[in-house]
Amino acid sequence: MTAPLTPPHRPSPDDPWQIPPKGGGSHPGMLPESQEEHDLPADLRRAALITALMTVAGVALGVLWLWLAPRVPLVSDNQAVFLSDSEGEQAIGADGTFVLLALAFGAVAAALVFWFFRRGGIAPVAGLALGGLLGSLVAWGVGVWFGPGRDVVAHAREVGKGVVFDAPLELHAKGALLAWALAAMVVHLALTALFGPRDPEPEWGSWGAQAPGAPPGPPTKP
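Residues numbered from 1 in each chain as written. Predicted model: local features only at pLDDT ≥ 70, side-chain atom pairs only at ≥ 80, totals over all residues. Heavy atoms only, no water.

## Quick notes on the overall build of the protein chain
Counting secondary structure elements, the protein chain contains five helices and three strands. Residues classed as buried in the protein chain amount to 28% of the 222 residues present. Of the accessible surface of the protein chain, which amounts to about 15,400 Å², a share of 66% is contributed by carbon and sulfur atoms. (Helix = DSSP H or I, 4+ residues; strand = E, 2+ residues; numbered from the N terminus. Buried < 20%, exposed > 50% of the residue type's maximum accessible area, 1.4 Å probe, protein only. Areas by Shrake-Rupley, 256 points an atom, 1.4 Å probe, with all protein chains shown as cover.)

This is the structure:
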């Protein structure tokens, strides 16, 4: 008599080594293609909202910069305009004030975005980067526009000889315009790494175990 043939091994649905069918399977934890496409418009709207709010907040940054930045004193002798305090550091102080305010605005913006949009992703980061840059440009424009007049010669003639007046508010270090965006991205990345949602870790111990319901293998020969 011949031994009965061993039935072919039928993979269990829980078999971790089973190859998913072509075109129909998806990796666990990944969103279906239709859901990813559905979330794309929402991500774009989220990024646009963050950008718009930060751009508007640039007005507040510009007002604070205009209020807190030190003034550069000038004086005229009816022939030329000179610095009243040649050893002063008011010009550097104006740039430093802008950078410190931009860093603070970036940290607050990142914390608010993380609080309201805990999902993470590229959309909040893109909104923070673009919004920080546009907000800095708006703040720069507000400070310059509403600050002391930019026509120094006309201002000197108006105040008269020997009278100290304020120079126009300027941003000499144009790299300060990136401070808001950089601070927002760094703080948001740190918050996401510390408090953001984490993917579940795979159970590596179950990979070598026999799948439940699977038929036993052929007996080994002694």
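Let's pick the thread back up.
## Overview of the environment of Ala60
Of note, Ala60 is situated in helix 1 (residues 33-68). C-alpha separation for the pair Ala60 and Gly135, spaced 75 residues apart in sequence, amounts to 9.4 Å.

## Some points on the UniProt feature "transmembrane region" (unreviewed entry) in the protein chain
Per the UniProt record, "transmembrane region" (unreviewed entry) is found at residues 47-68, 98-117, 124-146 and 177-196. Helix makes up 100% of residues 47-68 and strand 0%, and the two end C-alpha atoms of the span are 31 Å apart. The span residues 98-117 is 95% helical and 0% strand by assignment, and the distance between its end C-alpha atoms comes to 28 Å. (UniProt positions renumbered as here; feature names shortened; annotations may be inferred.)

## Structural notes on the packing of helix 2 (residues 90-116) against helix 3 (residues 122-146)
It is at 11 Å that the axes of helix 2 and helix 3 come closest, and there the two elements cross at 145°. For the pair helix 2 and helix 3, the sense of crossing is right-handed. Contacts between helix 2 and helix 3 involve Phe98, Ala109, Ala110 and Val113 on the former and, on the latter, Pro124, Leu128, Ser136, Ala139 and Trp140. Along the lines of polarity and charge, the residues of the contact of helix 2 with helix 3 split into eight nonpolar, one polar and no charged. (Axes fitted to C-alpha atoms, helices over the stretch in contact; angles between N-to-C directions. Left-handed = near helix turned anticlockwise from the far one by under 90°. Contact = heavy atoms within 4.5 Å. Nonpolar A, V, L, I, M, F, W, Y, C, P; charged D, E, K, R; others polar.)

## What to know about the nonpolar core
Burial of nonpolar side chains together is a common tendency in soluble globular proteins. In terms of nonpolar packing, the biggest core is built from 22 residues, with Leu61, Trp65, Phe98 and Leu128 touching the most fellow members. Sorting the residues of this core by element identifies helix 1, helix 2, helix 3 and helix 5 (179-195) as the ones contributing at least two each. Counting residues per element, this core draws most heavily on helix 2, at seven residues. Contacts of Leu61, omitting those with residues within four sequence positions, involve Phe98, Leu101, Ala102, Phe105, Ala139 and Trp180. In terms of nonpolar packing, the next biggest core, distinct from the first, is built from five residues, Val72, Leu74, Ala156 and Phe165 among them. (Core = buried A, V, L, I, M, F, W, Y, C linked by side-chain atoms within 4.5 Å.)

## Here we look at the environment of Gly135
Relative to the helices and strands, Gly135 resides in helix 3. Sequence separation of Gly135 and Thr51 is 84 residues, and the distance between their C-alpha atoms is 8.5 Å. Those residues within four positions of Gly135 in sequence are excluded, and the remaining contacts are Met54, Thr55, Gly58 and Trp180.

## A short note on the side chain of Thr51
Its location among the elements puts Thr51 in helix 1. For Thr51, a relative accessible area of 11% puts it in the buried group. Setting aside residues up to four positions removed in sequence, Thr51 forms contacts with Gly127, Leu130, Gly131 and Leu134.

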